[in-house]
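Breakdown of the fold
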Amino acid sequence: MENLTFGNRIMELRRFPMREKESLRPWDAADEYILNTLLEEPAADGCRLLIINDNFGALSVALNHLRPQLWSDSFLASEGLSHNLDLNGFDPDSVPFVPADRLPNGPFDLVLMKMPKSMAFWEDTLLRLRPLLSEGARIITGGMIKHSPARAYELLETIIGPTKTGLGRKKARLAFSTFDPELSLPASLPDYIYTLDGGLELSNGPNVFSRDHLDVGTRFLLNNLPQTEEPLQVLDIGSGNGVLGLALAQQCPKAFVLGVDESYQAVVSSRINAAKLGMGEDRIKFQVNGGLQVLPAGSFDLAICNPPFHQAQVVGDQIAWGMFHQSRRILKKGGKLLIVGNRHLGYHVKLQRLFGNCRVVASDRKFVVLESWLAGLVG
Ligand SMILES: C[S@@+](CC[C@H](N)C(=O)[O-])C[C@H]1O[C@@H](n2cnc3c(N)ncnc32)[C@H](O)[C@@H]1O
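Residues numbered from 1 in each chain as written. Predicted model: local features only at pLDDT ≥ 70, side-chain atom pairs only at ≥ 80, totals over all residues. Heavy atoms only, no water.

1. Remarks on the nonpolar core
L225 and L248 are the most contacted members of the largest nonpolar core, which totals 32 residues. With six residues, the top contributor of residues to this core is helix α7 (residues 243–251). Ignoring sequence-local partners within four residues, the contact set of L225 consists of L244, A247, L248, Q251, I304 and L338. Core analysis: the second largest hydrophobic core is formed by 31 residues, A30, L35, L38 and L85 among them. (Core = buried A, V, L, I, M, F, W, Y, C linked by side-chain atoms within 4.5 Å. Buried < 20%, exposed > 50% of the residue type's maximum accessible area, 1.4 Å probe, protein only. Helix = DSSP H or I, 4+ residues; strand = E, 2+ residues; numbered from the N terminus. Contact = heavy atoms within 4.5 Å.)

2. Overview of the site of the ligand
Lining the immediate environment of the ligand, one finds 18 residues, of which T218, G238, D261, G290 and N306 sit closest. At 2.8 Å from an oxygen atom of the ligand is found a side-chain nitrogen or oxygen belonging to T218. The contact in question runs from an oxygen atom of the ligand to an N or O atom on the side chain of N306, over 3.1 Å. Within the complex, 91% of the 590 Å² of free accessible area of the ligand lies under protein. (Near = heavy atom within 4 Å. Polar contact = N/O pair within 3.5 Å; in protein donor to acceptor, adjacent residues only side chain to side chain. Areas by Shrake-Rupley, 256 points an atom, 1.4 Å probe, with all protein chains shown as cover.)

3. Some details on the sheet that holds strand β14 (residues 284–288)
Neighbouring strands of a sheet are bound in pairs by backbone hydrogen bonds; such pairs are parallel or else antiparallel. One open sheet holds the seven strands; their spatial order is β14-β13-β12-β15-β18-β20-β19, and the pairing between them is mixed. Sheet topology places β14 and β19 (359–363) at the edges, where each strand pairs with a single neighbour. Neighbour-to-neighbour, the strand axes of the sheet open up by a mean angle of 20°, direction not taken into account. In this structure, strand β18 (residues 331–342) lies alongside strand β20 (residues 367–373), joined through seven bridges in antiparallel fashion. Its bridge partner lying in β20, L337 is registered against S372. Sheet strands touched by helix α10 (residues 347–355): β18 and β20. Its angle to β18, the strand with the most contacts, is close to 165°. (Pairing = 2+ DSSP bridges. Axes fitted to C-alpha atoms, helices over the stretch in contact; angles between N-to-C directions.)

4. Considerations on the packing of helix α4 (residues 119–129) against helix α5 (residues 150–160)
Contact pair α4 / α5: the axes reach a minimum separation of 10 Å and the direction vectors enclose 20°. For the element pair α4 / α5, the angle class is roughly parallel. Like other packed secondary-structure pairs, α4 and α5 cross with a definite hand, here right-handed. On α5, the residues touching M119, W122, E123, L126, L127 and L129 of α4 are R151, A152, L155, L156, I159 and I160. Partitioned by chemical class, the residues of the contact of α4 with α5 number ten nonpolar, no polar and two charged. (Parallel < 35°, antiparallel > 145°, perpendicular 65-115°, else oblique. Left-handed = near helix turned anticlockwise from the far one by under 90°. Nonpolar A, V, L, I, M, F, W, Y, C, P; charged D, E, K, R; others polar.)

5. Looking at the side chain of S270
As for its placement among the helices and strands, S270 is situated in helix α8 (residues 264–276). According to the relative accessible area criterion, S270 is buried, its value standing at 0%. With residues near it in sequence (within four places) discarded, S270 still touches G240, N241, G242 and F286.

6. As for the sheet that holds strand β6 (residues 108–114)
On the basis of which strands lie adjacent, the open sheet formed by seven strands has the order β5-β4-β3-β6-β7-β9-β8 and mixed pairing. This sheet does not close on itself; its edge strands, each paired only once, are β5 (97–99) and β8 (163–165). Taken over all neighbouring pairs, the strand axes of this sheet differ in orientation by 20° on average, direction set aside. Where strand β4 (residues 69–72) meets β5, three bridges bridge the pair, whose relative direction is parallel. Residue pairing across strands places L70 opposite F97, the latter belonging to β5. Along the sheet, α4 makes contact with β3 (49–52), β4, β6 and β7 (133–144), crossing β6 at roughly 175°.

7. Observations concerning helix α9 (residues 318–330)
Since one α-helical turn is 3.6 residues long, residues separated by three or four positions face the same way. If you check α9, its first and last C-alpha atoms are 19 Å apart, about what 13 residues at 1.5 Å a residue would give, namely 18 Å. By the burial criterion, the buried members of α9 are Q318, I319, A320, M323, F324, S327, R328 and I330. (Expected span 1.5 Å × (residues − 1).)

8. Considerations on the side chain of S263
One can find S263 in the loop between β13 (255–261) and α8. From its side chain, S263 meets the backbone nitrogen of Q265 in a polar contact 3.4 Å long. A polar contact is formed between the side chain of S263 and the backbone nitrogen of A266, at a distance of 2.9 Å. For S263, the contacting residues outside a window of four places in its chain are D73 and N207.

9. Details of the layout of surface pockets
There is about 350 Å³ of room inside the second largest pocket. If you trace the second largest pocket, you find 14 residues lining it, with L196, D197, G198, L222 and A247 closest to the centre. Going through the elements one at a time, β10 (192–195), α6 (216–222) and α7 are the ones with two or more residues in the lining of the second largest pocket. If one sorts the elements of the lining of the second largest pocket by residue count, α7 sits on top with three residues. (1 Å grid on protein atoms, 1.4 Å probe; cavity = no way out; pocket = protein on both sides within 12 Å on 5 of 7 lines; lining within 4 Å. Points joined across faces, edges and corners; volume = space filled by probe spheres on them.)

10. Here's the deal with unusual backbone geometry
In this chain, F16 is followed by P17 through a cis amide linkage whose omega measures -5°. Relative to the helices and strands, P17 is located in the loop between β2 (9–13) and α1 (29–40). Of the consecutive residues G106 and P107, the connecting peptide bond is found in the cis state with omega at -5°. The topology assignment puts P107 in the loop between β5 and β6. One non-glycine residue, N53, adopts positive backbone phi at about 60°. With respect to the helices and strands, the residue N53 is situated in the loop between β3 and α2 (58–62). Exposure remark for N53: the relative accessible area of 9% places this residue in the buried category. A positive phi angle, close to 50°, is found at R67, a residue other than glycine. Following the sequence through the fold, R67 ends up in the loop between α2 and β4. On the basis of relative accessible area, R67 is assigned to the exposed category, the value being 54%.

This is the structure we're talking about:
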């Protein structure tokens with residue numbers, strides 16, 4: 001557990017998904033910079049406040065008294081928000097969470113934003129934000145300098161209005177923008193559509209993984225998916241635009257696939273892609289979730305996964321490890337986990353440790369497809 005100080009308040013916060021030995025903090029120096037700036041100029045009182053991309057609720061908990069709304073594409077952020085509110089003695093529903101496939105209830109006078117990783121998502125967020133701003137609205141954006149490309153500031157200037165950046169503090173920077181209602185801009189960024197060699201057409205919302213091309217790792221796993229006439233219950237973990245699950249459902253006509261992803265926009269795109277193929281929920285279903293805890297134990301023959309290698313801007317294999325771990329519980333005895341990964345990530349070591357077995361299905365210079373199976377009783 002970590003404590004964040006805001007004025008005379010000390011808040012306890014946790015990251016999500018929760019891990020026993022967590023070494024990462026649930027906020028960063030950009031959160032602290034935003035909060036300290038508000039303390040220095042308490043003009044926020046009485047403002048209609050919107051918070052965007054607050055990863056685990058640090059800003060929302062600290063500013064709970066201003067009754068903000070939180071707009072985010074992350075299910076884990078929504079879990080972090082309600083848990084951290086509760087942990088600090090607030091009603092877990094006191095900050096309405098608005099998923100990124102919907103719009104918050106404006107207008108807003110003050111917006112506090114954290115820069116996301118995807119610039120397409122950033123552009124789309126700013127475009128969709130414009131009609132929600134009151135005249136004279138102030139927008140404060142925080143980001144860690146190493147994760148804040150020049151393009152992010154350009155987008156603030158061209159989509160929101162005049163923007164000034166402040167001094168760096170603890171490797172974080174803030175940008176201050178004032179809303180220019182006169183700009184004539186599109187309402188949002190359109191989905192990006194590409195078609196795979198086999199004809200599968202994929203729509204990709206702004207925050208969808210590898211939105212403008214097929215990821216190389218995904219391609220490698222696609223080439224190694226099973227093809228069978230047997231009935232199969234399949235789980236696509238971190239399903240993104242649904243590409244893996246959809247391809248599998250196409251080549252296994254008796255398979256049922258469940259895809260789960262923590263991104264609301266990813267799930268919207270995957271549902272669009274299933275509909276394009278004419279596949280109903282009897283064949284493939286997608287749902288937003290941040291973990292597999294809600295799924296019944298021992299219920300899948302196969303889990304497929306191209307694991308994420310970052311959470312927001314923090315790179316690491318902690319999410320992948322959690323997915324592998326949880327997949328043991330949901331597999332039937334004899335059920336298999338099939339994953340793709342960069343060779344250097346050493347996933348085979350983890351899988352061997354977890355399952356007691358791991359087979360290399362395919363490998364090239366960069367990637368490896370690995371398979372583990374549930375041989376014994378679920379532990
Ligand atoms: C490397 S991408 C793979 C997407 C898709 N399967 C593909 O191959 O194109 C990993 C996906 O996992 C999702 N993700 C990250 N953390 C997650 C979590 N805790 N639970 C569910 N999905 C998660 C991300 O949103 C992302 O869509």
